[in-house]
Amino acid sequence: MVELTHSDPTASALTCRGCAGTRAYLVVDLGEQQASDDFPAMDAPLPDAVWPLQLWYCPDCALVQLGPVEALAEEPVRAVESATSRRHAARTVAAVLADHPFLIGSTVREFASHHGGSWLDALVAYGCTPAMHSEPADLVVDVHGLAHEQDVADQLALRASALAREGLLVIEHHHLLPLVEQTQFDTIRHGHWTYLSLTAVSRLAARHGLRPVRTVGEPVFGGSLRTVLAHQDSSHSADSTVADTLTAEPAAKLDNGNGLKLLGDRAADSAAALRAYLTGLRECGRTVAGYGAPSKAAVLLGVSGVGRDPLPYTVDAAPAKHGLAIPANRIPIEAVDVLRQRRPDAILILTWDIADKVIAQLETVGWGASYVVTLPFPHPFVLTAVS
């Protein structure tokens with residue numbers, strides 16, 4: 001298991017990806033970890049390559065970001081777009097247009113990301129039309145794409161330039177607040193270059209002539225924030241949600257890096273608890289399997305030091321992952337039917353952000369298995385209602 005550390009502010013080895021400042025400092029060190037999206041074949045040569053996995057905090061713009069590490073090779077998209085993702089797109093688009101009805105039938109430009117799914121079809125259903133490449137759009141959308149861009153400053157500038165003077169930029173991103181409060185350390189991974197708070201987004205957006213006018217919390221990916229921004233000289237005014245979010249973040253010490261240092265300590269405790277929990281099940285003679293092979297599973301299991309003993313395999317709905325393995329610890333990825341055939345006593349839900357929906361599906365042919373959710377500490381999950 002990895003020993004987690006953090007350091008005090010010193011001369012920075014990192015140029016901030018948001019403001020180009022040189023005072024960023026290390027707040028969380030998850031050790032040497034494998035590339036989360038690199039699912040090797042079971043017989044691929046060992047060892048799997050690893051890189052430092054660290055979070056650094058910039059005191060100038062409050063941006064939390066990966067430490068100095070080279071970009072890894074882009075891996076093929078193997079995940080299947082879920083019905084949950086499609087429902088989220090339809091529901092969110094309806095909510096955005098209800099909040100801002102002038103956008104119905106407007107021009108739209110989407111900075112697409114396969115990580116969050118596309119909203120374009122849902123927007124077209126409301127009469128919106130894609131803007132020409134050089135045409136400013138009334139609505140600019142980024143769905144979980146910004147965190148995958150190394151140069152945040154350049155990408156925010158690009159989105160600002162694509163936005164019409166009275167238009168709105170909608171960015172949905174995983175929110176740093178629940179990441180810290182709920183110890184979601186497995187969300188930290190290579191390829192996620194930044195971890196966004198509204199505090200950081202507000203400071204960085206101002207550098208590109210933008211300001212937030214509305215925020216809405218979303219449950220997807222364990223806790224996301226839909227941030228709506230407008231040009232500073234536009235007629236749009238900010239509602240109370242902006243001030244509410246900007247108040248909640250400093251309360252969790254996200255405006256000075258101390259909250260991140262606490263995250264590192266909690267992650268170490270959480271990782272140790274997971275390994276002890278699984279080892280305890282094995283020692284009691286209970287069979288265990290995983291459900292899901294999301295990118296975050298590699299970090300969770302790698303930091304926790306969990307391998308095929310005590311977790312002999314996991315299953316996943318994406319056929320492209322079958323026959324491959326969770327990197328580093330080489331836990332095999334099987335088809336979901338294998339789980340139903342072997343009927344383990346306990347199932348570790350690695351896709352903890354959609355645990356209720358996963359368990360509801362499994363319970364259609366249930367055999368009395370117990371379900372375990374990993375964070376903030378491993379605990380049994382009892383299904384109540386599914387939204």
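First things first, this report covers the structure right here in the doc. Throughout, residues of each chain are indexed from 1 in the direction in which the sequence is written. Where totals are concerned, whole chains, interfaces and linings use all residues; where local detail is concerned, this predicted model gives features only for residues with pLDDT of at least 70, and gives and counts side-chain atom pairs only at 80 or more. The side-chain quantities take in all heavy atoms of the structure and omit both hydrogens and water.

Here's the deal with the pairing of strand β9 (residues 210–218)
- Strands are treated as partners if at least two bridges between them are detected by DSSP. Going along the chain from the N terminus, every DSSP run of H or I of four or more residues is numbered as a helix, and every run of E of two or more is numbered as a strand. Judged from the 8 bridges that link them, β9 and strand β10 (residues 224–231) form a sheet pairing that is antiparallel. Bridging across to β10, L210 finds its partner in H231.
- A loop of 5 residues connects β9 with β10, the two strands running antiparallel in sequence, and F221 in this loop sits at a positive phi of about 60 degrees.

Overview of the packing of helix α5 (residues 198–206) against helix α6 (residues 240–251)
- Two elements in contact, α5 and α6, have axes whose closest approach is 9 Å; the angle formed by their N-to-C orientations is 120 degrees. Classified by the interaxial angle, the pair formed by α5 and α6 is oblique. Residues L198, T199 and S202 of α5 form the contact with α6, whose participating residues are V242, T245, L246 and E249.
- Residue type decides the class: Asp, Glu, Lys and Arg count as charged, Ala, Val, Leu, Ile, Met, Phe, Trp, Tyr, Cys and Pro as nonpolar, and the leftover types, Gly among them, as polar. A breakdown of the residues in the contact of α5 with α6 according to their chemical character gives 3 nonpolar, 3 polar and 1 charged. Note on method: axes are straight lines fitted to C-alpha atoms, helices fitted across the in-contact stretch only, with angles between N-to-C directions ranging 0 to 180 degrees. The scheme is simple: roughly parallel for angles under 35 degrees, roughly antiparallel for over 145, roughly perpendicular for 65 to 115, oblique for anything else. The contact definition used throughout considers only heavy atoms, calling two residues in contact when any of these lie within 4.5 Å.

Notes on the environment of K253
- You can see K253 is positioned in the loop between α6 and α7 (258–283).
- Buried means the residue's accessible area, taken with a 1.4 Å probe over protein chains only, is under 20% of the maximum for its type, while exposed means over 50%, and partly exposed covers the values in between. The class for K253 is partly exposed, based on a relative accessible area of 39%.
- Spatially, the C-alpha atoms of K253 and D48 are 36 Å apart, while their sequence positions differ by 205 residues.
- Every residue in contact with K253, bar those within four places of it in the chain, is listed here: N258 and G259.

Details of the packing of aromatic side chains
- When two rings of Phe, Tyr or Trp (its six-membered ring) have centres within 6.5 Å they constitute a pair, described as stacked for plane angles under 30 degrees, edge-to-face for angles over 60, and tilted for the intermediate range. Here the structure, examined in full by the defined rule, presents 1 aromatic pair.
- Here Y25 and Y57 contribute two aromatic rings whose centre-to-centre distance is 5.8 Å and whose plane-to-plane angle is 65 degrees, an arrangement assigned as edge-to-face. Placement of Y25 in strand β1 (residues 25–34) and of Y57 in strand β2 (residues 50–57) is noted, with a sequence separation of 32 residues between them.
- The class of Y57 is buried, set by a relative accessible area of 1%.

Focus on α5
- Among the 9 residues of α5, 7 are classified as buried, and the element is accordingly described as predominantly covered.
- All of the buried residues in α5 are L198, T199, A200, V201, S202, L204 and A205.
- Elements that come into contact with the buried residues of α5 comprise α3 (152–161), β7 (163–174), β9, β10 and α6.

Examining the environment of A206
- Structurally, A206 can be placed in helix α5.
- Residue A206 is classed as partly exposed on the basis of its relative accessible area of 39%.
- Each C-alpha atom of the pair A206 and T314 lies 45 Å from the other, and the pair is 108 residues apart in sequence.

Observations concerning the sheet that holds β1
- As summarised here, the arrangement of the 4 strands in space is β1-β2-β3-β8, forming an open sheet in which the pairing is antiparallel. The open sheet terminates on both sides in strands that have one partner only, identified here as β1 and β8 (194–195).
- Examined bridge by bridge, β2 and strand β3 (residues 64–66) share 3 bridges and lie antiparallel to one another. Looking at β3, one finds that W56 is bridged to Q65.
- In this fold helix α8 (residues 295–304) packs onto β1 and β2, with an angle of close to 95 degrees to the strand it touches most, β1.

A closer look at the sheet that holds strand β4 (residues 107–111)
- On the basis of which strands lie adjacent, the open sheet formed by 6 strands has the order β5-β4-β6-β7-β10-β9 and mixed pairing. Edge positions in the sheet fall to β5 (129–130) and β9, since each of these pairs with one other strand and no more.
- Note that strand β6 (residues 137–143) and β7 share 6 bridges and pair parallel. When the sheet's bridge partners are listed, V143 is paired in β7 with E172.
- Packing against the sheet, α3 makes contact with β4, β6, β7, β9 and β10, and its axis sits at approximately 140 degrees to β7.
- Across the sheet, α6 lies against β9 and β10, angled at about 75 degrees from β9, the strand it touches most.

Let's talk about unusual backbone geometry
- Cis rather than trans, the peptide bond between L46 and P47 has omega equal to 0 degrees.
- Here P47 is to be found in the loop between β1 and β2.
- With an omega dihedral of -5 degrees, the bond running from L375 to P376 counts as a cis peptide bond.
- Here P376 is to be found in the loop between β16 (370–373) and β17 (379–380).
- Although it is not a glycine, A20 sits at a positive phi angle of roughly 65 degrees.
- Looking at the secondary structure, you find A20 in the segment before β1.

Here we look at the side chain of E218
- Looking at the secondary structure, you find E218 in strand β9.
- Owing to a relative accessible area of 7%, E218 belongs among the buried residues under this scheme.
- Whenever two N or O atoms come within 3.5 Å, that pair is a polar contact, provided that in protein one can donate a hydrogen and the other can accept it, and provided that, for residues adjacent in sequence, both atoms are side-chain atoms. Polar contacts involving the side chain of E218 include one to the side chain of R91, which spans 2.6 Å.
- E218 has contacts with H88, R91, T92, E172, G223, S224 and R226, leaving out every residue within four places of it along the chain.

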